[in-house]
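Summary of the model geometry
Spelled out, the chains give:
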Amino acid sequence: MSDATLNTSVQAPSQPGEAGFADYFALLKPRVMTLVVFTAFVGLIAAPGAIHPLIGFAAILFIAVGGGASGALNMWWDADIDAVMNRTRRRPVPAGRVTAEEAKALGLTLSAFAVVMLWLATNVLAAALLAFTIFFYVVVYSMWLKRLTPQNIVIGGAAGAFPPMVGWVAATGSLAMEPVLMFTLIFMWTPPHFWALALFMKSDYHEAGVPMLTVTHGRRPTRVHILVYTVLLALFALGTAFTGVGGPVYLAVAAAFNALFLQGAWTIWRRDEAAAQADGYACEKRFFKLSLFYLFAHFGAIALEATLPAGWGGWG
Amino acid sequence: MSFSKIHSLHKRRFSRNLGLGLVLAAFVALIFGLTVVKVGNDNFSMPQAQSGETQ
(Lines give C-alpha, C1' and ligand atoms only; values in the text may rest on other atoms or scores of the structure.)
Protein backbone atom coordinates (compact mmCIF):
# COMPACT_ATOMS: atom_id res chain seq x y z
CA MET A 1 0.00 0.00 0.00
CA SER A 2 1.43 3.35 -0.97
CA ASP A 3 1.53 6.40 1.25
CA ALA A 4 -0.60 8.26 -1.28
CA THR A 5 -3.51 5.86 -1.02
CA LEU A 6 -3.40 6.09 2.71
CA ASN A 7 -3.03 9.83 2.86
CA THR A 8 -6.00 10.54 0.59
CA SER A 9 -8.29 8.40 2.71
CA VAL A 10 -7.89 10.55 5.81
CA GLN A 11 -11.01 12.28 6.99
CA ALA A 12 -10.00 13.64 10.37
CA PRO A 13 -13.01 14.75 12.37
CA SER A 14 -12.68 18.45 12.98
CA GLN A 15 -13.52 20.23 16.19
CA PRO A 16 -14.19 23.93 16.49
CA GLY A 17 -11.79 26.04 18.52
CA GLU A 18 -8.11 26.08 19.24
CA ALA A 19 -5.87 23.49 20.79
CA GLY A 20 -4.81 23.85 24.42
CA PHE A 21 -1.27 23.50 25.76
CA ALA A 22 -1.96 19.88 26.68
CA ASP A 23 -2.72 19.04 23.04
CA TYR A 24 0.67 20.30 21.90
CA PHE A 25 2.34 18.50 24.79
CA ALA A 26 0.56 15.29 23.76
CA LEU A 27 2.23 15.59 20.33
CA LEU A 28 5.54 14.92 22.09
CA LYS A 29 4.36 11.44 23.19
CA PRO A 30 5.01 11.99 26.90
CA ARG A 31 4.72 8.30 27.78
CA VAL A 32 7.44 7.37 25.30
CA MET A 33 9.41 10.32 26.64
CA THR A 34 9.55 8.73 30.10
CA LEU A 35 11.49 5.81 28.59
CA VAL A 36 13.79 8.21 26.75
CA VAL A 37 14.40 10.29 29.89
CA PHE A 38 15.05 7.28 32.11
CA THR A 39 17.41 5.43 29.76
CA ALA A 40 19.29 8.63 28.85
CA PHE A 41 19.63 9.37 32.57
CA VAL A 42 21.06 5.90 33.20
CA GLY A 43 23.49 6.33 30.29
CA LEU A 44 24.58 9.63 31.78
CA ILE A 45 25.15 8.46 35.34
CA ALA A 46 26.72 5.14 34.30
CA ALA A 47 29.37 7.10 32.40
CA PRO A 48 32.75 7.58 34.11
CA GLY A 49 33.73 10.99 35.44
CA ALA A 50 31.64 13.73 36.95
CA ILE A 51 29.24 16.06 35.22
CA HIS A 52 27.75 19.15 36.85
CA PRO A 53 24.17 18.33 37.94
CA LEU A 54 22.69 21.29 36.05
CA ILE A 55 24.51 20.35 32.83
CA GLY A 56 23.35 16.75 33.33
CA PHE A 57 19.78 17.96 33.87
CA ALA A 58 19.97 20.14 30.75
CA ALA A 59 21.37 17.25 28.71
CA ILE A 60 18.50 14.96 29.76
CA LEU A 61 15.99 17.74 29.08
CA PHE A 62 17.28 18.41 25.57
CA ILE A 63 17.45 14.68 24.79
CA ALA A 64 13.82 14.44 25.95
CA VAL A 65 12.83 17.43 23.80
CA GLY A 66 14.56 15.81 20.82
CA GLY A 67 12.66 12.58 21.47
CA GLY A 68 9.42 14.54 21.79
CA ALA A 69 10.14 16.40 18.55
CA SER A 70 10.54 13.12 16.68
CA GLY A 71 7.22 12.02 18.21
CA ALA A 72 5.52 15.15 16.82
CA LEU A 73 7.04 14.52 13.38
CA ASN A 74 5.84 10.91 13.59
CA MET A 75 2.31 12.13 14.37
CA TRP A 76 2.49 14.47 11.35
CA TRP A 77 3.60 11.74 8.97
CA ASP A 78 1.42 8.94 10.38
CA ALA A 79 -1.78 10.97 10.84
CA ASP A 80 -3.55 8.74 8.32
CA ILE A 81 -2.55 5.56 10.15
CA ASP A 82 -3.37 7.07 13.56
CA ALA A 83 -6.87 7.98 12.35
CA VAL A 84 -7.61 4.33 11.54
CA MET A 85 -6.18 2.59 14.60
CA ASN A 86 -8.25 2.41 17.80
CA ARG A 87 -5.14 2.87 19.93
CA THR A 88 -4.17 6.18 18.30
CA ARG A 89 -7.31 7.81 16.86
CA ARG A 90 -7.72 10.08 19.89
CA ARG A 91 -4.30 11.69 19.34
CA PRO A 92 -4.43 15.47 18.68
CA VAL A 93 -3.95 15.31 14.89
CA PRO A 94 -6.43 12.56 13.94
CA ALA A 95 -8.91 13.99 16.48
CA GLY A 96 -8.72 17.34 14.66
CA ARG A 97 -7.50 19.42 17.60
CA VAL A 98 -4.12 20.15 15.98
CA THR A 99 -3.42 20.22 12.23
CA ALA A 100 -0.77 17.96 10.73
CA GLU A 101 1.11 21.05 9.53
CA GLU A 102 1.26 22.40 13.09
CA ALA A 103 2.66 19.05 14.26
CA LYS A 104 5.31 19.18 11.53
CA ALA A 105 6.27 22.76 12.38
CA LEU A 106 6.51 21.98 16.09
CA GLY A 107 8.53 18.82 15.39
CA LEU A 108 11.03 20.52 13.08
CA THR A 109 11.46 23.53 15.37
CA LEU A 110 11.97 21.46 18.51
CA SER A 111 14.36 19.09 16.67
CA ALA A 112 16.65 21.96 15.68
CA PHE A 113 16.29 23.54 19.12
CA ALA A 114 17.13 20.32 20.99
CA VAL A 115 20.18 19.49 18.86
CA VAL A 116 21.67 23.00 19.05
CA MET A 117 21.00 23.32 22.78
CA LEU A 118 22.49 19.88 23.52
CA TRP A 119 25.58 20.92 21.58
CA LEU A 120 25.92 24.17 23.54
CA ALA A 121 25.24 22.47 26.88
CA THR A 122 27.48 19.42 26.34
CA ASN A 123 29.40 18.54 23.15
CA VAL A 124 29.05 18.21 19.39
CA LEU A 125 29.18 14.37 19.33
CA ALA A 126 26.16 14.09 21.65
CA ALA A 127 24.28 16.62 19.52
CA ALA A 128 25.16 14.73 16.32
CA LEU A 129 23.95 11.48 17.86
CA LEU A 130 20.68 13.14 18.90
CA ALA A 131 20.22 14.50 15.37
CA PHE A 132 20.86 11.04 13.95
CA THR A 133 18.34 9.54 16.40
CA ILE A 134 15.64 11.96 15.24
CA PHE A 135 16.53 11.29 11.60
CA PHE A 136 16.44 7.53 12.16
CA TYR A 137 13.05 7.57 13.90
CA VAL A 138 11.36 9.97 11.50
CA VAL A 139 12.91 9.16 8.11
CA VAL A 140 14.24 5.59 8.39
CA TYR A 141 11.49 4.16 10.61
CA SER A 142 8.35 6.30 10.14
CA MET A 143 8.70 7.31 6.49
CA TRP A 144 10.48 4.29 5.09
CA LEU A 145 10.39 1.02 7.01
CA LYS A 146 7.07 1.22 8.85
CA ARG A 147 4.93 0.89 5.73
CA LEU A 148 7.36 -1.28 3.80
CA THR A 149 8.51 -4.34 5.71
CA PRO A 150 7.50 -6.59 8.63
CA GLN A 151 11.03 -6.02 9.92
CA ASN A 152 9.98 -2.38 10.59
CA ILE A 153 10.02 -2.78 14.33
CA VAL A 154 13.26 -4.80 14.37
CA ILE A 155 15.34 -2.19 12.54
CA GLY A 156 13.28 0.82 13.67
CA GLY A 157 13.75 -0.23 17.27
CA ALA A 158 17.24 1.24 17.04
CA ALA A 159 15.71 4.72 17.27
CA GLY A 160 14.43 4.04 20.79
CA ALA A 161 17.77 2.47 21.75
CA PHE A 162 19.92 5.56 21.17
CA PRO A 163 19.03 7.69 24.26
CA PRO A 164 21.39 5.94 26.75
CA MET A 165 24.16 6.28 24.19
CA VAL A 166 23.43 10.01 23.82
CA GLY A 167 23.39 10.36 27.62
CA TRP A 168 26.77 8.62 27.92
CA VAL A 169 28.35 10.74 25.16
CA ALA A 170 26.88 13.92 26.71
CA ALA A 171 28.79 13.09 29.91
CA THR A 172 32.05 11.87 28.40
CA GLY A 173 32.31 13.34 24.89
CA SER A 174 33.23 9.94 23.45
CA LEU A 175 31.78 6.51 22.73
CA ALA A 176 32.69 3.27 24.50
CA MET A 177 31.56 -0.36 24.68
CA GLU A 178 29.22 0.21 27.67
CA PRO A 179 26.71 2.51 25.88
CA VAL A 180 26.73 0.10 22.94
CA LEU A 181 25.66 -2.67 25.35
CA MET A 182 22.82 -0.48 26.66
CA PHE A 183 21.83 0.30 23.08
CA THR A 184 21.75 -3.40 22.19
CA LEU A 185 19.66 -4.26 25.25
CA ILE A 186 16.86 -1.89 24.14
CA PHE A 187 17.33 -2.85 20.49
CA MET A 188 16.75 -6.55 21.23
CA TRP A 189 13.94 -5.86 23.69
CA THR A 190 11.86 -3.84 21.20
CA PRO A 191 10.64 -6.62 18.83
CA PRO A 192 9.03 -8.94 21.43
CA HIS A 193 7.58 -5.87 23.18
CA PHE A 194 5.81 -4.62 20.03
CA TRP A 195 4.88 -8.04 18.64
CA ALA A 196 3.03 -8.82 21.87
CA LEU A 197 1.16 -5.54 21.42
CA ALA A 198 0.38 -6.44 17.81
CA LEU A 199 -1.05 -9.79 18.92
CA PHE A 200 -3.64 -8.30 21.25
CA MET A 201 -4.39 -5.17 19.21
CA LYS A 202 -5.70 -7.71 16.69
CA SER A 203 -7.01 -5.93 13.60
CA ASP A 204 -5.58 -2.45 14.29
CA TYR A 205 -2.43 -2.83 12.19
CA HIS A 206 -4.27 -4.79 9.51
CA GLU A 207 -6.89 -2.07 9.04
CA ALA A 208 -4.20 0.62 8.95
CA GLY A 209 -2.22 -1.32 6.33
CA VAL A 210 0.92 -1.44 8.47
CA PRO A 211 2.88 -4.61 7.55
CA MET A 212 3.44 -5.86 11.07
CA LEU A 213 4.50 -9.49 11.37
CA THR A 214 0.97 -10.41 12.47
CA VAL A 215 -0.38 -9.00 9.18
CA THR A 216 2.20 -10.29 6.70
CA HIS A 217 3.12 -13.68 8.19
CA GLY A 218 0.26 -14.44 10.53
CA ARG A 219 -0.13 -14.83 14.25
CA ARG A 220 1.56 -18.23 14.63
CA PRO A 221 4.91 -17.05 13.17
CA THR A 222 4.65 -13.95 15.37
CA ARG A 223 4.43 -16.17 18.45
CA VAL A 224 7.49 -18.10 17.27
CA HIS A 225 9.39 -14.85 16.65
CA ILE A 226 8.54 -13.58 20.15
CA LEU A 227 10.02 -16.74 21.69
CA VAL A 228 13.18 -16.68 19.54
CA TYR A 229 13.87 -12.99 20.19
CA THR A 230 13.17 -13.40 23.90
CA VAL A 231 15.70 -16.26 24.14
CA LEU A 232 18.31 -14.13 22.34
CA LEU A 233 17.47 -11.14 24.54
CA ALA A 234 17.80 -13.22 27.71
CA LEU A 235 21.22 -14.51 26.66
CA PHE A 236 22.40 -10.99 25.92
CA ALA A 237 20.87 -9.46 29.06
CA LEU A 238 22.50 -12.10 31.29
CA GLY A 239 25.84 -11.79 29.48
CA THR A 240 25.77 -8.03 30.07
CA ALA A 241 25.94 -8.75 33.81
CA PHE A 242 29.63 -9.65 33.37
CA THR A 243 30.58 -6.45 31.55
CA GLY A 244 31.50 -2.98 32.71
CA VAL A 245 27.88 -1.92 33.31
CA GLY A 246 26.95 -5.14 35.15
CA GLY A 247 27.55 -6.53 38.60
CA PRO A 248 25.89 -8.71 41.26
CA VAL A 249 22.80 -6.49 41.58
CA TYR A 250 22.29 -6.40 37.83
CA LEU A 251 22.82 -10.17 37.59
CA ALA A 252 20.15 -10.84 40.25
CA VAL A 253 17.67 -8.50 38.56
CA ALA A 254 18.43 -9.89 35.09
CA ALA A 255 18.10 -13.50 36.28
CA ALA A 256 14.69 -12.84 37.84
CA PHE A 257 13.22 -10.77 35.03
CA ASN A 258 14.57 -12.92 32.22
CA ALA A 259 13.14 -16.04 33.85
CA LEU A 260 9.72 -14.33 33.99
CA PHE A 261 10.10 -13.00 30.45
CA LEU A 262 11.09 -16.40 29.06
CA GLN A 263 8.17 -18.01 30.85
CA GLY A 264 5.81 -15.44 29.29
CA ALA A 265 7.25 -15.98 25.80
CA TRP A 266 7.01 -19.74 26.24
CA THR A 267 3.34 -19.45 27.22
CA ILE A 268 2.63 -17.20 24.22
CA TRP A 269 4.38 -19.69 21.92
CA ARG A 270 2.39 -22.65 23.22
CA ARG A 271 -0.99 -20.95 22.84
CA ASP A 272 -3.06 -20.80 19.69
CA GLU A 273 -5.47 -18.06 18.70
CA ALA A 274 -8.50 -19.89 20.05
CA ALA A 275 -6.96 -20.10 23.52
CA ALA A 276 -5.84 -16.46 23.35
CA GLN A 277 -9.28 -15.23 22.30
CA ALA A 278 -10.91 -17.30 25.03
CA ASP A 279 -9.20 -15.34 27.80
CA GLY A 280 -9.05 -12.00 25.95
CA TYR A 281 -5.30 -12.25 25.20
CA ALA A 282 -4.51 -12.21 28.92
CA CYS A 283 -1.04 -13.78 28.53
CA GLU A 284 -0.06 -11.43 25.69
CA LYS A 285 -1.20 -8.38 27.69
CA ARG A 286 0.65 -9.63 30.77
CA PHE A 287 3.80 -10.14 28.70
CA PHE A 288 3.52 -6.63 27.26
CA LYS A 289 3.13 -5.10 30.72
CA LEU A 290 6.03 -7.19 32.03
CA SER A 291 8.21 -5.97 29.15
CA LEU A 292 7.87 -2.39 30.44
CA PHE A 293 8.97 -3.40 33.94
CA TYR A 294 11.70 -5.56 32.38
CA LEU A 295 13.41 -2.60 30.73
CA PHE A 296 13.03 -0.26 33.71
CA ALA A 297 14.39 -2.97 36.04
CA HIS A 298 17.47 -3.64 33.89
CA PHE A 299 18.31 0.04 33.51
CA GLY A 300 17.52 0.67 37.17
CA ALA A 301 20.03 -2.07 38.04
CA ILE A 302 22.67 -0.53 35.74
CA ALA A 303 22.11 2.84 37.46
CA LEU A 304 22.40 1.19 40.87
CA GLU A 305 25.66 -0.55 39.95
CA ALA A 306 27.07 2.81 38.86
CA THR A 307 26.02 4.71 41.97
CA LEU A 308 26.78 2.15 44.70
CA PRO A 309 29.83 2.99 46.81
CA ALA A 310 33.20 1.59 45.76
CA GLY A 311 33.41 -2.11 46.49
CA TRP A 312 29.64 -2.59 46.25
CA GLY A 313 28.87 -1.77 42.62
CA GLY A 314 30.24 -3.83 39.72
CA TRP A 315 32.48 -6.86 40.16
CA GLY A 316 35.24 -5.19 42.01
CA MET B 1 -14.43 35.96 16.08
CA SER B 2 -15.42 37.36 19.46
CA PHE B 3 -17.44 36.05 22.36
CA SER B 4 -19.06 38.18 25.02
CA LYS B 5 -18.85 35.39 27.64
CA ILE B 6 -15.98 33.16 28.62
CA HIS B 7 -15.95 30.36 26.11
CA SER B 8 -14.03 27.09 26.25
CA LEU B 9 -11.99 28.51 23.39
CA HIS B 10 -10.76 31.24 25.72
CA LYS B 11 -9.79 28.68 28.32
CA ARG B 12 -7.81 26.66 25.79
CA ARG B 13 -6.11 29.78 24.49
CA PHE B 14 -5.26 30.88 28.04
CA SER B 15 -3.87 27.42 28.88
CA ARG B 16 -1.68 27.59 25.77
CA ASN B 17 -0.41 31.08 26.55
CA LEU B 18 0.21 30.26 30.21
CA GLY B 19 2.00 27.01 29.34
CA LEU B 20 4.20 28.70 26.75
CA GLY B 21 4.98 31.54 29.17
CA LEU B 22 6.04 29.12 31.89
CA VAL B 23 8.17 27.13 29.44
CA LEU B 24 9.92 30.31 28.28
CA ALA B 25 10.51 31.47 31.86
CA ALA B 26 11.98 28.06 32.74
CA PHE B 27 14.19 28.20 29.63
CA VAL B 28 15.55 31.63 30.60
CA ALA B 29 16.31 30.34 34.11
CA LEU B 30 18.03 27.26 32.67
CA ILE B 31 20.20 29.30 30.30
CA PHE B 32 21.15 31.61 33.16
CA GLY B 33 22.08 28.63 35.33
CA LEU B 34 24.07 26.98 32.53
CA THR B 35 25.95 30.22 31.91
CA VAL B 36 26.88 30.52 35.59
CA VAL B 37 28.07 26.90 35.66
CA LYS B 38 30.07 27.13 32.45
CA VAL B 39 31.67 30.50 33.26
CA GLY B 40 32.44 29.29 36.80
CA ASN B 41 34.15 26.18 35.40
CA ASP B 42 37.92 25.98 35.95
CA ASN B 43 38.41 25.24 32.26
CA PHE B 44 36.79 28.52 31.26
CA SER B 45 39.10 31.35 30.30
CA MET B 46 38.47 34.76 28.78
CA PRO B 47 39.77 35.14 25.22
CA GLN B 48 43.20 36.79 25.19
CA ALA B 49 43.29 40.24 23.60
CA GLN B 50 45.79 40.81 20.80
CA SER B 51 48.89 42.68 21.98
CA GLY B 52 48.18 45.54 19.55
CA GLU B 53 44.65 46.00 20.90
CA THR B 54 45.62 46.54 24.52
CA GLN B 55 45.71 50.03 25.95
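Details of the structure are given in the entry above.
Scope of this entry: the structure provided in the associated data block. (Residues numbered from 1 in each chain as written. Chains lettered and ligands numbered in written order. Predicted model: local features only at pLDDT ≥ 70, side-chain atom pairs only at ≥ 80, totals over all residues. Heavy atoms only, no water.)

**Some points on the overall build of chain A**
- Counting its secondary structure elements, chain A contains 16 helices and zero strands.
- Taking 316 residues into account, the globule formula puts the C-alpha radius of gyration at 20 Å, and chain A, at 20 Å, falls close to it.
- By principal-axis analysis of the C-alpha atoms, chain A measures approximately 60 × 50 × 30 Å.
- Summarising the internal contacts of chain A: among those between residues at least 6 apart in sequence, 74% fall at separations of at least 24.
- A total accessible area of about 13500 Å² is found for chain A, and carbon and sulfur atoms account for 71% of it.
- Side chains of chain A carry 19 positive and 16 negative charges; the gap between the two charge centres is 7 Å. (Helix = DSSP H or I, 4+ residues; strand = E, 2+ residues; numbered from the N terminus. Rg over C-alpha atoms; globule rule 2.2 N^0.38 Å. Contact = heavy atoms within 4.5 Å. Areas by Shrake-Rupley, 256 points an atom, 1.4 Å probe, with all protein chains shown as cover. Lys, Arg positive; Asp, Glu negative; His and termini not counted. Charge placed at Lys NZ, Arg CZ, Asp CG, Glu CD.)

**Some thoughts on the nonpolar core**
All names here are of chain A.
- Among the nonpolar cores identified, the biggest contains 103 residues, and Leu-27, Leu-118, Leu-130, Met-182, Ile-226 and Tyr-250 are the most heavily contacted of them.
- Taken domain by domain, the makeup of this core includes at least three residues from each of domain 1 (21–175) and domain 2 (177–316).
- Setting aside residues up to four positions removed in sequence, Met-182 forms contacts with Val-42, Gly-43, Ala-46, Pro-164, Trp-168, Val-245, Phe-299 and Ile-302. (Core = buried A, V, L, I, M, F, W, Y, C linked by side-chain atoms within 4.5 Å. Buried < 20%, exposed > 50% of the residue type's maximum accessible area, 1.4 Å probe, protein only. Domains from an automatic or database assignment.)

**Overview of the interface of chain B and chain A**
- Chain B puts 15 residues into the contact, and the matching count from chain A is 18 residues.
- Summed over both partners, the interface of chain B with chain A comes to about 1400 Å²; 71% of that surface belongs to carbon and sulfur atoms.
- When the area that chain B buries against chain A is broken down by residue, the three leading residues are Arg-12, Arg-16 and Leu-30 of chain B, summing to 38%.
- Summed over the shared surface of chain B and chain A, the number is zero salt bridges.
- Counting every contact that joins chain B to chain A gives two residue pairs in polar contact (both at pLDDT 80 or more). (Buried area = accessible area lost by both parts, 1.4 Å probe. Salt bridge = Lys/Arg side-chain N within 4 Å of Asp/Glu carboxyl O. Polar contact = N/O pair within 3.5 Å; in protein donor to acceptor, adjacent residues only side chain to side chain.)

**Focus on the packing of aromatic side chains**
All names here are of chain A.
- Evaluated as defined, the whole model comprises 16 aromatic pairs over all chains.
- Ring geometry for Phe-136 and Phe-162: centres 6.3 Å apart, planes at 70 degrees, overall edge-to-face. Of this pair, Phe-136 sits in helix α7 (residues 124–145) while Phe-162 sits in the loop between α8 (152–161) and α9 (163–172), placing them 26 residues apart in sequence. Each member of the pair Phe-136 and Phe-162 is classed as buried.
- Arranged with centres 5.8 Å apart and planes meeting at 10 degrees, the rings of Phe-183 and Phe-187 form a pair that is stacked. Taken together, the positions of Phe-183 and Phe-187, both in helix α10 (residues 177–200) and four residues apart, correspond to about one turn of that helix.
- Under the relative-accessibility criterion, Phe-183 is labelled buried at 15%.
- Taking relative accessible area as the criterion, Phe-187 reaches 27% and is therefore assigned partly exposed. (Phe/Tyr/Trp six-rings, centres within 6.5 Å; stacked < 30°, edge-to-face > 60°.)

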